[in-house]
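Next come the chains, spelled out residue by residue.
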Amino acid sequence: MKKIISLLLSLAMLLTITSGLNLTAYADVQTGKCGDNVTYSLDTSTGVLTISGTGKMKDYSGEDSPFYQNSNIKSVIIENGVTSIGNLAFSSCNSLIEVSLPSSIISLGVSAFSGCENLASVTVSDDLPYVGGRAFEKTKWLNSQPDGVVYIGESAYGYKGNMPKNTELSLKSGITNISGYAFYEEKNLTSVKIPETVNRIGNWAFLDCEGLKNVNIPDGVKRIESWTFSNCSSLTNITVPDSVTVLDGLAFSYCTNLKNIELSKNLTEIGMG
């Protein structure tokens, strides 16, 4: 009986001591490696994931990523020194809201943030040159691209209506290539300004952008590939500049309201698909 009373007294004292403590300070912090010289630390109490180190992050194939579908991740901070975000590194992190990338990042891998449906804020350096295919597919983020971007991969930003209504997109100077499906099925996209540095607009880049009314194709573009503006049913006028030498015959197919198209005088090839 004395032992039981002593045990109860000890328990009462323990509860008294711990009642004033902030137990969140002892929340689980998950750590590990995500590259040869890159590590991560996830504070599950705050949802902040910090990536540290030097060099490249590892490329993943999906479920092998330590961050895949991790609902604890709300914010990602990449520290200076890390040079790339791996393929599929943060795919399907549906609780992820914001990402901060340092100037040391020179490449975003394929599908790096694909499926992060609540990602709405990305802080990125103007020196980022490469945005891989589907990097921001199915996210809410569509900010003006960094000044240094020269390559936009397939479906890098666009995917079935992520843009807000009446979006007017102005791509920054420096981009040389707009790849296939880059803005596929963005029905709320109404206007696109393409910089003179672009020399190629890839297959299906603006396919099914049914709300697209205005698009400038500047001198400098040399190739417009298959189905590029197909089913852009709000387009009424298009001028293809004299710099364009290759134009696919299906580039403007199913543009049902296209009444006037002025073609380049220097076309050397009109392909078909």
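Note that this is a predicted model, so its numbers are computed, not measured. (Residues numbered from 1 in each chain as written. Predicted model: local features only at pLDDT ≥ 70, side-chain atom pairs only at ≥ 80, totals over all residues. Heavy atoms only, no water.)

Ordered in space as E1-E2-E3-E5-E7-E9, the six strands form an open sheet in which the pairing is mixed. Bordering the open sheet on either side are strand E1 (29–35) and strand E9 (121–123), each of which pairs with just one other strand. The mean angle between the axes of side-by-side strands here comes to 15 degrees, regardless of whether they run parallel or antiparallel. Sheet analysis places strand E7 (residues 98–100) next to E9, joined by three bridges and oriented parallel. By the bridge assignment, Ser100 is partnered in E9 with Thr123. (Pairing = 2+ DSSP bridges. Helix = DSSP H or I, 4+ residues; strand = E, 2+ residues; numbered from the N terminus. Axes fitted to C-alpha atoms, helices over the stretch in contact; angles between N-to-C directions.)

There is a patch of like negative charges on the surface, built from Glu196, Asp219, Asp242 and Glu262. With respect to the element layout, Asp242 can be found in the loop between strand E18 (237–239) and strand E19 (246–248). Relative accessible area serves as the criterion here: at 33%, Asp242 is assigned to the partly exposed category. (Patch = residues over 30% accessible without salt bridge, like charges linked within 9 Å, V, L, I, M, F, W, Y side chains within 5 Å. Areas by Shrake-Rupley, 256 points an atom, 1.4 Å probe, with all protein chains shown as cover. Salt bridge = Lys/Arg side-chain N within 4 Å of Asp/Glu carboxyl O. Lys, Arg positive; Asp, Glu negative; His and termini not counted. Charge placed at Lys NZ, Arg CZ, Asp CG, Glu CD. Buried < 20%, exposed > 50% of the residue type's maximum accessible area, 1.4 Å probe, protein only.)

Before going further, it helps to examine the confidence of the model for the protein. Looking at the protein, pLDDT values average 83 and 81% of them are 70 or higher. Scored below 50 in pLDDT, residues 11–26 makes one contact in the model with residues more than four places away or belonging to other chains. (pLDDT = per-residue confidence, 0-100. Contact = heavy atoms within 4.5 Å.)

A few words now on unusual backbone geometry. The residue Asp208 is not glycine, and still its phi comes out positive at about 65 degrees. Among the structural elements, Asp208 can be located in the loop between strand E15 (200–201) and strand E16 (214–216). Of the residues examined, Asp208 reaches a relative accessible area of 16% and is grouped as buried. A positive phi angle, close to 65 degrees, is found at Asn231, a residue other than glycine. Residue Asn231 is classed as partly exposed on the basis of its relative accessible area, which comes to 23%.

Attention now goes to the nonpolar core. Core analysis: the biggest nonpolar cluster contains 31 residues, and Ile51, Met57, Phe67, Ile85, Phe90 and Phe113 have the highest contact counts within it. Going through the elements one at a time, strand E2 (38–43), strand E3 (48–53), strand E5 (75–78) and strand E6 (82–85) are the ones with two or more residues in this core. Per element, the largest residue contribution to this core is three residues, and it comes from E2. If we skip the residues at most four places from it in the chain, Ile51 touches Cys34, Val38, Thr39, Tyr40, Met57, Phe67, Ile77, Ile78, Glu79, Val82 and Phe90. Formed by 30 residues, the second largest nonpolar core is a distinct cluster that contains Met163, Val198, Ile201 and Phe206. (Core = buried A, V, L, I, M, F, W, Y, C linked by side-chain atoms within 4.5 Å.)

For the rest of this paragraph, the subject is the sheet that holds strand E14 (residues 189–193). Spatially, E12-E14-E16 is the arrangement adopted by the three strands of the open sheet, whose pairing is parallel. Of all strands in the sheet, those with a lone pairing partner are strand E12 (167–170) and E16, marking the two edges. Looking at each pair of strands side by side, their axes are set apart by 15 degrees on average, direction ignored. Of the strand pairs in this sheet, E12 and E14 are connected by four bridges, and their pairing is parallel. Its bridge partner being in E14, Glu168 is matched across the sheet by Ser191.

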